[in-house]
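Single-letter residue listing:
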Amino acid sequence: MVENMEILNSKIFGEGLTDTPLLVFHGLFGMLDNWGSFGKDLGEYLPVHLIDLRNHGRSFHSEGMSHDDLADDIARYMDHYGIQKAHVLGHSLGGKAVMQFAIRYPEKVEKLIVVDISPKAYPPHHQGIIKALESVDFNTVSSRNEVEEVLSQYIPEKSTIQFLTKNLYWDENKKLNWRFNLKTLSEKYTEFVSNAIKFGVFEGETLFIAGAKSNYILPQDEFGIRQQFPKAKVVTVKNAGHWVQAENPVDFANVVKEFLELN
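Since this is a predicted model, take the numbers as computed values, not measurements. (Residues numbered from 1 in each chain as written. Predicted model: local features only at pLDDT ≥ 70, side-chain atom pairs only at ≥ 80, totals over all residues. Heavy atoms only, no water.)

Caption draft 1: Broad picture of the sheet that holds strand β8 (residues 205–211). Taken in spatial order, the seven strands of this open sheet run β1-β3-β2-β4-β5-β8-β9, and their pairing is mixed. The sheet is open, and its two edges are formed by β1 (10–13) and β9 (232–237), each paired on a single side. Recorded for the sheet is a direction-independent mean angle of 20° between the axes of neighbouring strands. By the bridge criterion, four bridges tie strand β2 (residues 22–25) to strand β4 (residues 86–91) in an arrangement that is parallel. Counterpart to Val24 in the pairing with β4 is Leu89. (Pairing = 2+ DSSP bridges. Helix = DSSP H or I, 4+ residues; strand = E, 2+ residues; numbered from the N terminus. Axes fitted to C-alpha atoms, helices over the stretch in contact; angles between N-to-C directions.)

Below, the structure is given as structure tokens:
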């Protein structure tokens, strides 16, 4: 299938620097723009590639959405840019992608950073958000405010609504639309959320970053983490939930810099 040959969309900071690059992947319904400040900050030290996962942001849409698909996209991206080896960082769904990538292509990974997700299968927990997104009828809404109104009937948290509406754009028919491919993300949801990472072992240096107020990485998950990532360290960032990098950006960036020895 030709579509799979497409290269993921990205924004690169610190392009002229010669250190090992850092590739950064957002979570479900996110986009590379969510990581702008982090990219700018770390781009002072090393090349940072903020990347849109397939079916997200400005990357290509596809019917495939398995962990292997996501891992192969990263390998293709690195080949396209002539990157032999990189540090890879992924948050949530992006974390699943980089874990699978490190197991599948260990020779391409210098250091692995996984943000607030573990290799295990998670029960479906985004049904409310998907229902809210599917309830927006772009034939009848004509402004961001109207979209927010529809979403607020299903989603109580203002911050979640703001996060989702960052994905709105005016398409070629002058209609509002989502940048992400809602159809595939909804249909393949169980494939990428309710499946564990395929068993395999990555022997390289690995850091798991958990949000202190999040329940995505539990103490009992650490055994499973170390079975697949024997060199893993788990660090908890205080005053942060699942969106660690947004809720405590300073401590988050410091933890990453320390692990990559940039301080």
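Now that the structure has been shown, we can carry on.
Caption draft 2: Highlighting helix α2 (residues 67–80). Taking 1.5 Å per residue, 14 residues should reach 20 Å; α2 reaches 20 Å between its end C-alpha atoms and fits that length. Within α2, eleven of the 14 residues are buried, which leaves the element mostly enclosed by the surrounding structure. What α2 keeps buried is the set His67, Asp68, Asp69, Leu70, Ala71, Asp72, Asp73, Ile74, Ala75, Tyr77 and Met78. Tucked into the core, α2 has its buried residues touching β1, β2, β3 (48–51), β4, α3 (93–104) and α8 (189–193). (Expected span 1.5 Å × (residues − 1). Buried < 20%, exposed > 50% of the residue type's maximum accessible area, 1.4 Å probe, protein only. Contact = heavy atoms within 4.5 Å.)

Caption draft 3: Highlighting the pairing of β8. Across the seven residues that make up β8, a large majority, six, are buried. Both strand β5 (residues 109–115) and β8 contribute to a ladder of five bridges, which runs parallel. Residue pairing for β8: Leu112 is matched across the bridge by Thr206. In this structure, β8 lies alongside β9, joined through six bridges in parallel fashion. By the bridge assignment, Thr206 is partnered in β9 with Ala232. Crossover handedness for the path β8 to helix α9 (residues 222–228) to β9: right-handed. (Right-handed = clockwise from strand over helix to strand, strands pointing away.)

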